[in-house]
Amino acid sequence: MINIPKGTKDVLPAESYKWQFVENAARQTAAQFNIREIRTPVFEHTELFLRGVGETTDVVTKEMYTFEDKGGRSITLKPEGTAGAARMFIENGLANSPLPLKAYYIAPCYRYERPQAGRLREFHQFGIEVFGASSPEADAEVIFAASTFLKKLGIKDIRLEINSIGCKSCRAEYNRALKEYFRPHLGEMCATCNERFEKNPLRMIDCKEEKCKAITAGAPKMLDYLCPDCRAHFEKVKCLLDSLGVEYTVNPDIVRGLDYYTRTVFEFVSTSIGAQGTVCGGGRYDGLVSELGGGNVPAIGFAAGLERLLLLMENTGIPFPAAAVPEVYVAGMDDATRAKAFAIVNDLRARGVSAECDLMSRSVKAQFKYADKLGAKYVAVIGGNELERGTVNLKKMADGTVSEVAFADIYGFLAENK
Ligand code: ATP
Ligand code: MG
């Protein structure tokens, strides 16, 4: 027997309604914020992620699914959605469409990571990207969209942490200060930090190694180095969040340390799902579109991990609306009555009603058992008498009441007695 690849998961028929609930909440949220869906390929040229995610990130240095296709091109399964969305924006000349351009996606992502709770090799993200708006209102709107989505799911036990990582000009000074601080400690820090020291010292703040974390704790904070424009932007974002009633804490250690990520960064973090507590991460990336060869187009977005959200909902006992069940199950006994049951059920289906009958040549008793397992709201059996009279006894499973209904009236009866 061939097993599923490590770090991937099947969604079984008994579980898929939970996914659909989360995805519907995502689509509803997007509709409320007037955000349209986009779909980009699952794979892109590797170069897109080298430039669009950044060569010093964990994703690019350790986690990408990269392979050569039969034409000798280097291809990568998308590890995240923003780079592909930005490529789409540029390639289709969407800078000339009415701005801001607001887009969302629900898509699989691939990262070669060590699988554990909330960390998979194939996972799914709901993401939003807003291209063209540099105002603090855009930041607040995107954060509010994430918060609205989480609320729709019924998630309460969650913390919003925000920070500002400044712009190119204030970052340069901060990087100098960081280097000055880290230089005497480099001997005690991990190899990755040593590499990042030269290329992108901001990313050292994100290191998960205990020995590095201890040193990083005392490092200068970006917030103390913001230029007046970046400071004013951050203050305005906080003000807007206050006015929207969105609670947050400022966490100066959040970095999404790519060169073209700018200003606002944020994470929604839960303490209920263990170490992988970040269910949603986002930020402003004013430099990405131009880095990828487009114009100077500011942008901001977020991505939420659907597996982590489902895990959080399950762990904290948040109820999912019940899965859909058939309105009616119609059983038959012999060839003639089975044929009638089959005809009635498929006529109901053709008229938009969820109905079910036997496909397994089971006894009436076994059909009842199956109907019960399906959770059918009404069950009817057609025997010789019923066939003759042209009626069925519809039994309401919730309370056992029985109603005699003519074959031709079943549709109307079900519509009236939901
Ligand atoms: P982490 O620090 O947990 O590795 P990240 O910073 O790599 O997260 P992002 O690139 O910001 O994550 O991705 C956005 C969201 O996608 C995360 O907040 C998380 O919910 C989800 N996510 C990221 N990697 C995985 C994974 N390997 N398995 C499941 N979900 C993931
Ligand atoms: Mg990661």
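These numbers come from a predicted model, not from an experiment. (Residues numbered from 1 in each chain as written. Chains lettered and ligands numbered in written order. Predicted model: local features only at pLDDT ≥ 70, side-chain atom pairs only at ≥ 80, totals over all residues. Heavy atoms only, no water.)

Novice: A description of the overall build of the protein should follow, citing residues and the corresponding values.
Specialist: A tally of regular secondary structure across the protein gives 15 helices and 16 strands. Radius of gyration (C-alpha) of the protein: 28 Å, far over the 22 Å computed for a compact globule of 418 residues. When the backbone C-alpha atoms are referred to their principal axes, the protein occupies close to 90 × 50 × 40 Å. Summarising the internal contacts of the protein: among those between residues at least 6 apart in sequence, 70% fall at separations of at least 24. Just so you have it, the protein exposes about 20700 Å², and 51% of that area is on carbon and sulfur atoms. Here the protein contributes 53 positively and 54 negatively charged side chains, and the mean placements of these two sets differ by 1 Å. (Helix = DSSP H or I, 4+ residues; strand = E, 2+ residues; numbered from the N terminus. Rg over C-alpha atoms; globule rule 2.2 N^0.38 Å. Contact = heavy atoms within 4.5 Å. Areas by Shrake-Rupley, 256 points an atom, 1.4 Å probe, with all protein chains shown as cover. Lys, Arg positive; Asp, Glu negative; His and termini not counted. Charge placed at Lys NZ, Arg CZ, Asp CG, Glu CD.)

Novice: So what about the nonpolar core? Which residues, and what values?
Specialist: A general trend in soluble globular proteins is that nonpolar side chains are found buried together. Counting 97 residues, the largest nonpolar core has Phe126, Phe131, Phe149, Phe268, Phe302 and Leu309 as the members making the most contacts within it. For this core, the element with the highest residue contribution is helix 5 (residues 136–152), accounting for 8 residues. For phenylalanine 149, the contacting residues outside a window of four places in its chain are Val22, Ala25, Ala26, Thr29, Phe126, Ala304 and Leu309. With 19 residues, the next largest nonpolar core counts Val330, Ala380, Phe407 and Leu414 among its residues. (Core = buried A, V, L, I, M, F, W, Y, C linked by side-chain atoms within 4.5 Å. Buried < 20%, exposed > 50% of the residue type's maximum accessible area, 1.4 Å probe, protein only.)

Novice: A description of the pattern of salt bridges should follow, citing residues and the corresponding values.
Specialist: Under the counting rule described, the total for this entry stands at 25 salt bridges. Linking aspartate 253 and lysine 221 is a salt bridge whose minimum nitrogen-to-oxygen distance equals 3.0 Å. With aspartate 253 in the loop between strand 8 (249–250) and strand 9 (262–269) and lysine 221 in the loop between helix 8 (210–216) and helix 9 (228–244), the pair connects residues that are 32 residues apart, well separated along the chain. Take aspartate 253: its relative accessible area is 34%, and that puts it in the partly exposed class. What you see here is one network of salt bridges that share partners, running through Glu15, Lys18 and Glu314. (Salt bridge = Lys/Arg side-chain N within 4 Å of Asp/Glu carboxyl O.)

Novice: I'd like a rundown of the sheet that holds strand 16 (residues 402–406), residues and numbers included.
Specialist: Read across the sheet, 5 strands follow the order 13-12-14-15-16 without closing on themselves; strand pairing throughout is mixed. Each end of this open sheet is capped by a strand with a single partner; those strands are strand 13 (355–356) and strand 16. Examined bridge by bridge, strand 12 (residues 328–332) and strand 14 (residues 378–382) share 5 bridges and lie parallel to one another. Counterpart to valine 330 in the pairing with strand 14 is alanine 380. Together, strand 12, strand 13 and strand 14 form the strand contacts of helix 12 (residues 335–350), whose direction differs from that of strand 12 by roughly 160°. Docked against the sheet, helix 13 (residues 364–374) engages strand 12, strand 13 and strand 14, running at close to 170° with respect to strand 12. (Pairing = 2+ DSSP bridges. Axes fitted to C-alpha atoms, helices over the stretch in contact; angles between N-to-C directions.)

Novice: Outline the site of ligand 1, listing residues and values.
Specialist: The environment of ligand 1 is formed by 15 residues, the closest being Arg111, Glu113, Arg119, Leu120 and Arg256. The contact in question runs from an oxygen atom of ligand 1 to an N or O atom on the side chain of arginine 308, over 3.0 Å. Protein contacts shield 85% of the accessible area of ligand 1, which totals 590 Å² for the unbound molecule. Top contributing element to the shell around ligand 1 by residue count: strand 10 (residues 278–284), with 3 residues. (Near = heavy atom within 4 Å. Polar contact = N/O pair within 3.5 Å; in protein donor to acceptor, adjacent residues only side chain to side chain.)

Novice: Give me the domain arrangement of the protein: which residues, what numbers.
Specialist: Along its sequence, the protein is organised into domain 1 (13–167 + 227–315) and domain 2 (328–416). Computed over C-alpha atoms only, the centres of domain 1 and domain 2 are separated by 48 Å. (Domains from an automatic or database assignment.)

Novice: Give a description of unusual backbone geometry that names residues and reports values.
Specialist: With an omega dihedral of 5°, the bond running from leucine 99 to proline 100 counts as a cis peptide bond. The phi angle at arginine 263 is positive, at roughly 55°, despite the residue not being glycine. The residue arginine 263 is located in strand 9 in this model. On the basis of relative accessibility, which here comes to 17%, the residue arginine 263 falls in the buried class.

Novice: Describe in detail helix 9, supporting the description with residues and values.
Specialist: Look at helix 9: 24 Å from first C-alpha to last across 17 residues, which is about the 24 Å you get at 1.5 Å a residue. Every buried residue belonging to helix 9 is among Cys230, His233, Phe234, Val237, Lys238, Leu240 and Leu241, and all of these are buried. Down the axis of helix 9, the buried set is contained in an arc of 160°. They therefore lie on one face. Of the exposed residues in helix 9, those oriented more than 90 degrees away from the buried face are Pro228, Asp229 and Ser243. Where the residues of helix 9 are buried, they touch helix 5, strand 7 (159–164), helix 6 (168–182), strand 8, strand 9 and strand 10. (Expected span 1.5 Å × (residues − 1). Arc of directions from axis to C-beta.)

Novice: Any details on the side chain of glutamate 44? Residues and values, ideally.
Specialist: Along the chain, the position of glutamate 44 falls in strand 2 (residues 43–45). Those residues in contact with glutamate 44 that sit more than four places away from it in its chain are Phe49, Ser74, Ile75, Thr76, Gly84 and Arg87.

Novice: Could you give an account of the packing of aromatic side chains, with specific residues and numbers?
Specialist: A complete count under the given rule lists 15 aromatic pairs for this structure. Relative to phenylalanine 320, the ring of tyrosine 17 lies with its centre 6.5 Å away and its plane at 75°, an arrangement referred to as edge-to-face. Note that tyrosine 17 is positioned in helix 1 (residues 16–32) and phenylalanine 320 in the loop between helix 11 (306–315) and strand 12, a separation of 303 residues in sequence. Between the aromatic rings of tyrosine 329 and tyrosine 370, the centroid separation amounts to 6.3 Å while the plane-to-plane angle is 75°, which identifies the pairing as edge-to-face. With a gap of 41 residues between them, tyrosine 329 in strand 12 and tyrosine 370 in helix 13 connect regions that are remote in the sequence. The class for tyrosine 329 is buried, based on a relative accessible area of 0%. (Phe/Tyr/Trp six-rings, centres within 6.5 Å; stacked < 30°, edge-to-face > 60°.)

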